[in-house]
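Summary of structural features
Each chain, letter by letter, is given below.
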Amino acid sequence: MIASLLSIILFAPFVGAAVLFLISNDHPNKIKAVTLLSGGISLLGSVLLLYLFDHQTGGFQFIERYRWSDELGISFYIGVDGIGAPMVLASSLLMFAGIFVSWHIVDRLREFYINLLVLGSATMGVYMSLDLFFLFFFYELSVIPMYLFIAMWGRHTKGYLDMQGNPERDSVGFVFNFNQSSKEYAAMKLTLYISAGAVAALLGILLVYVHSGLHTFDLLAIAQRGTLSSGMKEICFLLIFLGFAPIAAIWPFHSWSPVGYAAAHAAASMMHAGVLKKLGHFSMIRIAFTLFPEATAKWMPVVAVVCVVNILYGGLVAFLQKDTKFVVGYSSVAHMGYIFLGMASLNLMSLTGAVFFLFADAMAMGLLFALAGHLYRETKTLDLPSLGGLAKKMPFVATMFVIGSAASFGLPGGMNFIAEIMVFLGSLNRYPIQTVLAAMAITITWAYYFRMIRTIFFGEDNPKLSMASDAKSFVQRFPLVLLAAMILFFGLFPSPFIQIIQSGVMPIVERTISEVPDDGTIAKLGEVK
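Attention here is on the structure that accompanies the text. Sequence order sets the numbering: in each chain, residues are counted from 1 along the sequence as written. Only residues with pLDDT of at least 70 are given local features in this predicted model, and only at 80 or more are side-chain atom pairs given and counted; all residues enter the totals for whole chains, interfaces and linings. To obtain the side-chain values, all non-hydrogen atoms of the structure were included, while hydrogens and water were left out.

We now examine a nonpolar patch on the surface. Residues with no salt bridge and a relative accessible area higher than 30% make up the patches, which join like charges within 9 Å and nonpolar side chains (Val, Leu, Ile, Met, Phe, Trp, Tyr) within 5 Å. The Shrake-Rupley method, run with a 1.4 Å probe sphere, supplies the accessible areas, and residue values consider only the shown protein chains as cover. Put simply, a salt bridge is a Lys or Arg side-chain nitrogen that is within 4 Å of an Asp or Glu carboxyl oxygen. Residues Leu428, Ile433, Val436, Leu437 and Met440 make up a contiguous nonpolar surface patch of roughly 460 Å² in combined accessible area. Put simply, DSSP marks the helices as runs of H or I at least four residues long and the strands as runs of E at least two long, and each gets a number from the N terminus on. With respect to the helices and strands, the residue Leu437 is situated in helix 17 (residues 432-440). Take Leu437: its relative accessible area is 35%, and that puts it in the partly exposed class. Here the term buried applies to any residue with accessible area under 20% of the maximum for its type, exposed to any over 50%, and partly exposed to those in between, with areas from a 1.4 Å probe on protein chains only.

On to the packing of aromatic side chains. Classification of ring pairs rests on two measures: the distance between centres of Phe, Tyr or Trp rings, Trp counted by its six-membered ring, which must be within 6.5 Å, and the angle between planes, read as stacked under 30 degrees, edge-to-face over 60 and tilted in between. In total, this model carries 40 aromatic pairs according to the counting rule given. In this structure an aromatic cluster arises from ring pairing among Phe11, Phe14, Tyr66, Trp68, Phe76, Phe133, Phe134, Phe137, Phe138, Tyr209 and Phe217. Its guanidinium or amino end placed over the ring of Tyr77, Arg65 lies 4.3 Å from that ring's centre, counting from NZ or CZ. Think of it as a cone above the ring: NZ of Lys or CZ of Arg counts as a charge over the ring if it is within 6 Å of the ring centre and within 35 degrees of the ring normal.

Secondary-structure assignment places Thr123 in helix 4 (residues 109-128). Classification of Thr123 as buried rests on a relative accessible area of 0%. Polar contact criterion, stated in full: a pair of N or O atoms within 3.5 Å, where within protein one must be able to donate a hydrogen and the other to accept it, and residues adjacent in sequence count only if both atoms are side-chain atoms. A distance of 3.1 Å separates the side chain of Thr123 from the side chain of Ser91, its partner in a polar contact. By definition in these notes, contact holds between two residues if any of their heavy atoms fall within 4.5 Å. The residues touching Thr123, leaving out its near neighbours within four places in the chain, are Ser91, Ser142, Met271, Val275, Leu276 and Leu279.

This paragraph deals with the pairing of strand 2 (residues 74-80). Counting buried positions along strand 2 gives seven out of seven residues, so the element sits mostly inside the fold. Both strand 1 (residues 61-69) and strand 2 contribute to a ladder of six bridges, which runs antiparallel. Opposite Glu64, over in strand 2, you have Ile78 as the bridge partner. Turn length for the strand 1-strand 2 hairpin, with the two strands adjacent in sequence and antiparallel, is four residues, and the turn residue Gly73 shows positive phi of about 70 degrees. Strands are labelled as partners when DSSP assigns at least two bridges between them.

Given below as structure tokens:
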């Protein structure tokens, strides 16, 4: 069983999705039971994976390899290191929490859960893949459910009326509505941005395949024995980085992301912010940082400047928003800047902090978007001026919202605080101006989260919201408690998690030190005390 642990984690949701095709929507309890079983198997396997992962040995573990095409040099080749294992857990956690968050759905429940299971499996497939062909396959597969989530189960961001003021119609008959406030527009924008980037990334992967001299998509073999010239490495780096930049929501390729958050169903927003967006950062680290350390080091100073734009722009725009999901969405865009700053510094502390931030942001954003979904169901609006005084009606939701917000703006005790400290300490010597600006921008984050908490829960009561109800049942509370517990547990006891991440980051840093002339900054920060 342990030898096939990754396959069990990866394919349990796929099998569950296949079984759901055989169950009619007339049997919602059977649909939910199958979905819970398949998602639960994947989650338990992911927890076991992290528990069994040997950080002292490091490297890639739980490897499985099956030849798929000898002629093309393609294998189903999966394994996880200290970077991939935490993100597999993040995917399975958010997928499992999303099952409960979506418990209330009546419209096409079977199809919704099929998409959720496929999306969860696809993201985990990217985090596991050591073959570039399958990494790209799973990456592209993850886009399909997100389009359907938004176009079929999403919301128009201007409320329940269409753009002509008529009652909202079913999305199947409304597919050509591309007004900028429509869910169809959000779905298409997401698809076009990510697909356009995917074309560039695919070209980079194909160039690696052709010019490596190995006739294989095996990532580790190319890293060890590939014969790409320095010029070709730089071209491939730019294609890979720019190809995955849109899904990572780096400025100026970010604009699809907040729109997608706002229009998507709560579970889709959780997966979108938590793990779909992180595929970009992960793929850059897994492919570009591993295969092209010289080109990576050359272009990271540019990234360090752009990431500050992400942080300041995302924070300021979030401060100006009046829709709860847009505030959280632009906040997530700002957080991507901190992750890129950690990546740009290219030392063990900063890169460990960046990967830690990937998981921390997944938990915080997952919790906040789950709460936004509950608010929307109970109040039929996410418009901040229309909300107020909900702490009296929703004390549990208010408490969870404070925990999620505090984690997001980096309050000590949450995971984001640990990640931010590591990024700042690892980046200060290398990029002092960018680091100081990034640290100062936290005050903006505090400002809009405090304002949002005050407005929603402690503002003036709105009599129209008198029927709003708290999260009371087990189904409603369990996913919120699960995500909040992860935030607090790893925020208070981060050391074991950091050790696992370091074991994956260390080979990248060592490769950078050995192949790239450096001023000593990377080497000086080669240890996390």
